[in-house]
Every structure is written in C-alpha cells, then in structure tokens.
Amino acid sequence: GLAGHIASLADQVEEVQMAAPANHAWAWLLKSAQNLHPGSEIDAFRDTGNLGMGAQLRLVDLKAALELLPVATGARGSLRLEVEDPVLPANARAWQVEGDGSSHLKVSPAAATARRVRHRVRAGVEPLASIVSGALPAKAAMRAGLVDASPEAAALLDAWYRGTPGYLFPMNAF
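Note that the structure is predicted; figures quoted are calculated from it, not measured.

Rules used in this analysis
- Residues numbered from 1 in each chain as written.
- Predicted model: local features only at pLDDT ≥ 70, side-chain atom pairs only at ≥ 80, totals over all residues.
- Heavy atoms only, no water.
- Helix = DSSP H or I, 4+ residues; strand = E, 2+ residues; numbered from the N terminus.
- Contact = heavy atoms within 4.5 Å.
- Buried < 20%, exposed > 50% of the residue type's maximum accessible area, 1.4 Å probe, protein only.
- Pairing = 2+ DSSP bridges.
- Core = buried A, V, L, I, M, F, W, Y, C linked by side-chain atoms within 4.5 Å.
- Salt bridge = Lys/Arg side-chain N within 4 Å of Asp/Glu carboxyl O.
- Axes fitted to C-alpha atoms, helices over the stretch in contact; angles between N-to-C directions.
- Phe/Tyr/Trp six-rings, centres within 6.5 Å; stacked < 30°, edge-to-face > 60°.
- Lys NZ or Arg CZ within 6 Å of the ring centre and 35° of its normal.

A. Inspection of the environment of Leu66 at higher detail. Tracing the backbone shows Leu66 in helix α3 (residues 62-68). Each C-alpha atom of the pair Leu66 and Val107 lies 7.1 Å from the other, and the pair is 41 residues apart in sequence. Those residues in contact with Leu66 that lie beyond four places of it in its chain are Leu81, Val97, Leu105, Val107, Val132 and Tyr161.

What follows is the structure, given as structure tokens:
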C-alpha cells in the first residue's frame, strides 16, 4: 500500500507525516493514543509513529441511539446484540435488533432464553460506538477480536452502518 511504498523511500526522506482516518481496527489495538516518548526534532532518532485520537462517540442510551441513528436502506435482517458496558448498566444487556429495510432499526430487550441464535454479536460499548458511527467496520472489529460475532452478523452491521467515517483535520481547510 501507500505506507509501504513511502517506507521504501526511507533513504530519500527524513520524515513523513500522514493524516488519515482510522477506519480499520489497528487504531483500536494500540493501548494508548499518548506518545510516551516523544522524539526530539533535532535528534537523529525518530518515533515509529504516533496516533492522535479525535472526537469519540459514547452511546449513553443504547436503545435510543440504535433506533434514532439512521441506517442504510434496503438492508434487512435481525441479530442478537449482547452489550458490555461497565459504566452504564442499563446498556449492558442483550438486545434484539431488527432491520426491515427502512432507515431505522427496531430495538427491544432480547428474551433471556434465546441464547442460541443464528446471528449474534457480543461487544463492548466502545467498539460498538465506532461501528455504528461508521468509523470501524464490524468485520474488521471481528477479525481483530474487538467484538465476538458471526460473519453473517458482522456483515449485517456493515450493511446497516456502511459509509466512511467522519474525518476532520486542519489540512482539510485549504
């Protein structure tokens, strides 16, 4: 890719600055966005990379958020969404999410006895917020181990929340 090509030119450049949206799971796998050992601009040694996280979405009322945030029309299906939220216990439960092809989902508490379902997603509220905002594809989150989901359920989430993440950077203002 582009980053690999630029890295191959290391003998020709001293520093490359790249700003791009983190719409893949690699940003989630970093333990901290803080640069603990900033490199000196005069020194010959450079940091490999730094990550700056911008605004983050927090789902405060999960049911209302899933029902009010618009989804792509035409995607039909249902899944069981098991949410972990240590901060807001009202969110931490199993939800039945239904999409009938319209621009909004129907969300209700899932029956406690319906453990064996075909399409199931188990996720913490943080990666789920990135998925529903379009910043993190569900399939990428599943492959990285950020959510536990069947491939079909991840595909359904990606169909509902397809799009590119919102991206703001000072260089966009030129």
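Still more ground to cover, so stick around.
B. Here's a closer look at the pairing of strand β4 (residues 120-124). Within β4, four of the five residues are buried, leaving the element largely enclosed by the surrounding structure. Of the pairings in the sheet, the one linking strand β1 (residues 76-84) to β4 comprises five bridges and is parallel in character. Across the sheet, Glu84 pairs through a bridge with Gly124, a residue of β4. Bridge analysis of β4 against strand β5 (residues 147-149) gives three bridges, and the strand direction is antiparallel.

C. The arrangement of the nonpolar core in detail. By size, the foremost hydrophobic cluster in this structure holds 31 residues, and its most contacted members are Leu79, Leu81, Val97 and Trp160. Only α3, β1, β2 (94-100), β4, α4 (125-132), α5 (138-143), β5 and α6 (151-160) provide two or more residues apiece to this core. Here Val97 is in contact with Leu66, Gly77, Ser78, Leu79, Leu81, Leu105, Lys106, Val107 and Trp160, once residues within four sequence places are set aside.

D. Structural context of α6. When we look at burial in α6, the residues that qualify are Ala153, Ala154, Leu156, Leu157, Asp158 and Trp160. Close packing links the buried residues of α6 with β1, β2, β4, α4, α5 and β5.

E. Broad picture of the pattern of salt bridges. Tallied over the full model, the rule gives eight salt bridges. The shortest N-O distance in the salt bridge between Asp85 and Arg58 comes to 2.9 Å. Residue Asp85 is located in the loop between β1 and β2, and its partner Arg58 is located in the loop between α2 (26-29) and α3; the two are separated by 27 residues in the primary sequence. Of the residues examined, Asp85 reaches a relative accessible area of 5% and is grouped as buried. A salt bridge links Lys63 to Glu67; the shortest N-O distance between them is 2.9 Å. Here Lys63 pairs with Glu67, and both are found in helix α3, just four residues apart, close to one helical turn.

F. Geometry of the sheet that holds β5. Taken together, five strands build an open sheet; the order of strands is β3-β2-β1-β4-β5 and the sheet is mixed. Both edges of this open sheet fall to β3 (106-109) and β5, since each of them pairs with a single strand only. If you compare each strand with its neighbour and ignore which way they point, the axes differ by 20° on average. The strands touched by α4 within the sheet are β1, β4 and β5, with β4 carrying the most contacts at an inclination of about 115°. Relative to β1, α6 is tilted by about 105°, and along the sheet it contacts β1, β2, β4 and β5.

G. Local environment of the packing of aromatic side chains. What the rule picks out here adds up to zero aromatic pairs. One Lys or Arg, Arg93, reaches over the ring of Trp95 and ends 5.2 Å from the middle of that ring.

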